[in-house]
Amino acid sequence: MSIRGCTIVAVEGPQAAGKTALAHALTAALIECGRVAAFVPEPAASSPFVEEFALHGGAADTSTELDLLTAQVSAQLRAARHREVLVCDKTTFNVLAHCSEVLAPEAVSSPMVQAMRQLAMAWGCVYDRVFLCADRFTADADPFRDPLRDRQDTVAARLEEELNLAGAQVVPIPRGLSTAQRVRFCLPIVEGAVPGASAS
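Residues numbered from 1 in each chain as written. Predicted model: local features only at pLDDT ≥ 70, side-chain atom pairs only at ≥ 80, totals over all residues. Heavy atoms only, no water.

A.B. asks: What is the right way to read the overall build of the chain from this model?
C.D. replies: Scanning the chain for helices and strands turns up eight helices and five strands. Element order for the chain, N to C, with α for helix and β for strand: β-α-β-α-α-β-α-α-α-β-α-β-α. For the chain, the proportion of its 200 residues judged to be buried stands at 44%. Taking as baseline every contact in the chain between residues at least 6 positions apart, the subset at least 24 positions apart corresponds to 79%. (Helix = DSSP H or I, 4+ residues; strand = E, 2+ residues; numbered from the N terminus. Buried < 20%, exposed > 50% of the residue type's maximum accessible area, 1.4 Å probe, protein only. Contact = heavy atoms within 4.5 Å.)

Now the structure itself:
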């Protein structure tokens, strides 16, 4: 499934894996190649719910995860309208992976979260490729990351489970590459996914 013919790729992985840097750089490379491309940021960085949870000691709840999921779907849907290629910072599967870590067990099994799971899985078919970053760089001092900093191995494992369960077209990025090397690795794969294009 595509959105109005737009090729949609995403960059995934644990915290401090270089996802955002790669997504920005890959978008720039696509534009330089003549593609009508856009970067779609992850919603957590601008979510008031995440701010309350990460910075002010609030509890993450179903509202937090629902806000992230729907904001992500909406941003990607709107950005695809007049673009040839989108490069998304994270996928809907990332929200599912975090639900199991931040929500109480009764919330994880609630009808709302199960409906969110159905939406996330249904939306997941729009991603033509998901580039999975495995490297871990030195974590910065971003306070938004603090609440889950010690649970990233678990989140990363759950993320891979969700991607596999959905049958996503995952492309693991080799370890030890610089951002420029990652772009050179990803660019021909993205170009190959664009209808009518030949990989360069």
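Right, picking up where we left off after that structure.
A.B. asks: Is there a simple way to think about the sheet that holds strand β3 (residues 85-89) in this case?
C.D. replies: Hydrogen bonding along the main chain pairs the strands of a sheet, whether they run parallel or antiparallel. Read across the sheet, five strands follow the order β2-β3-β1-β4-β5 without closing on themselves; strand pairing throughout is parallel. Each end of this open sheet is capped by a strand with a single partner; those strands are β2 (37-40) and β5 (170-172). Shown here is a sheet whose adjacent strand axes are inclined to one another by a mean of 20 degrees, direction ignored. Examined bridge by bridge, β2 and β3 share four bridges and lie parallel to one another. In the strand pairing of β3, Val 40 is matched with Cys 88. Helix α1 (residues 19-32) contacts β1 (7-12), β2, β3 and β4 (129-132) of the sheet and is inclined by roughly 165 degrees relative to β2. Contacting β1, β4 and β5, helix α7 (residues 152-166) crosses the sheet at an angle of about 160 degrees to β4. (Pairing = 2+ DSSP bridges. Axes fitted to C-alpha atoms, helices over the stretch in contact; angles between N-to-C directions.)

A.B. asks: I keep staring at the state of the cysteines and nothing clicks. Help me out?
C.D. replies: A covalent bond bridging the sulfur atoms of two cysteines is what the word disulfide describes. This structure, assessed with the given rule, holds zero disulfides. Cys 6 carries a free sulfur, and the closest cysteine sulfur to it, the one in Cys 88, is 8.1 Å from it. Given a relative accessible area of 1%, Cys 6 falls into the buried group. (Disulfide = S-S within 2.5 Å.)

A.B. asks: For this particular structure, what's the right way to read the nonpolar core?
C.D. replies: A general tendency of soluble globular proteins is for nonpolar side chains to be buried together. Core analysis: the largest hydrophobic core is formed by 35 residues, its most contacted members being Ile 8, Leu 86 and Tyr 127. In this structure, Val 85, Phe 131, Val 171 and Val 190 belong to the second largest nonpolar core, which totals 20 residues. (Core = buried A, V, L, I, M, F, W, Y, C linked by side-chain atoms within 4.5 Å.)

A.B. asks: Can you walk me through the pattern of salt bridges in this structure?
C.D. replies: As a working rule, side chains carrying opposite charge can pair if their charged atoms are close by. Per the counting criterion, the structure on display carries five salt bridges. Between Lys 90 and Glu 42 there is a salt bridge, with the nearest N and O atoms lying 3.0 Å from each other. With Lys 90 in the loop between β3 and α4 (92-102) and Glu 42 in the loop between β2 and α2 (48-55), the pair connects residues that are 48 residues apart, well separated along the chain. Look at the salt bridges and you will find they share partners, linking Arg 35, Glu 84 and Glu 191 into a network. (Salt bridge = Lys/Arg side-chain N within 4 Å of Asp/Glu carboxyl O.)

A.B. asks: Please explain the pairing of β3 as it appears in this structure.
C.D. replies: For a regular strand, side chains alternate in direction, first toward one face of the sheet and then toward the other. By the criterion of burial, β3 is predominantly enclosed, with five of the five residues buried. The alternating pattern of β3 places Val 85, Val 87 and Asp 89 and Leu 86 and Cys 88 on opposite faces, both of which are buried. With five bridges joining them, β1 and β3 adopt parallel strand pairing. Looking at β3, one finds that Thr 7 is bridged to Val 85.

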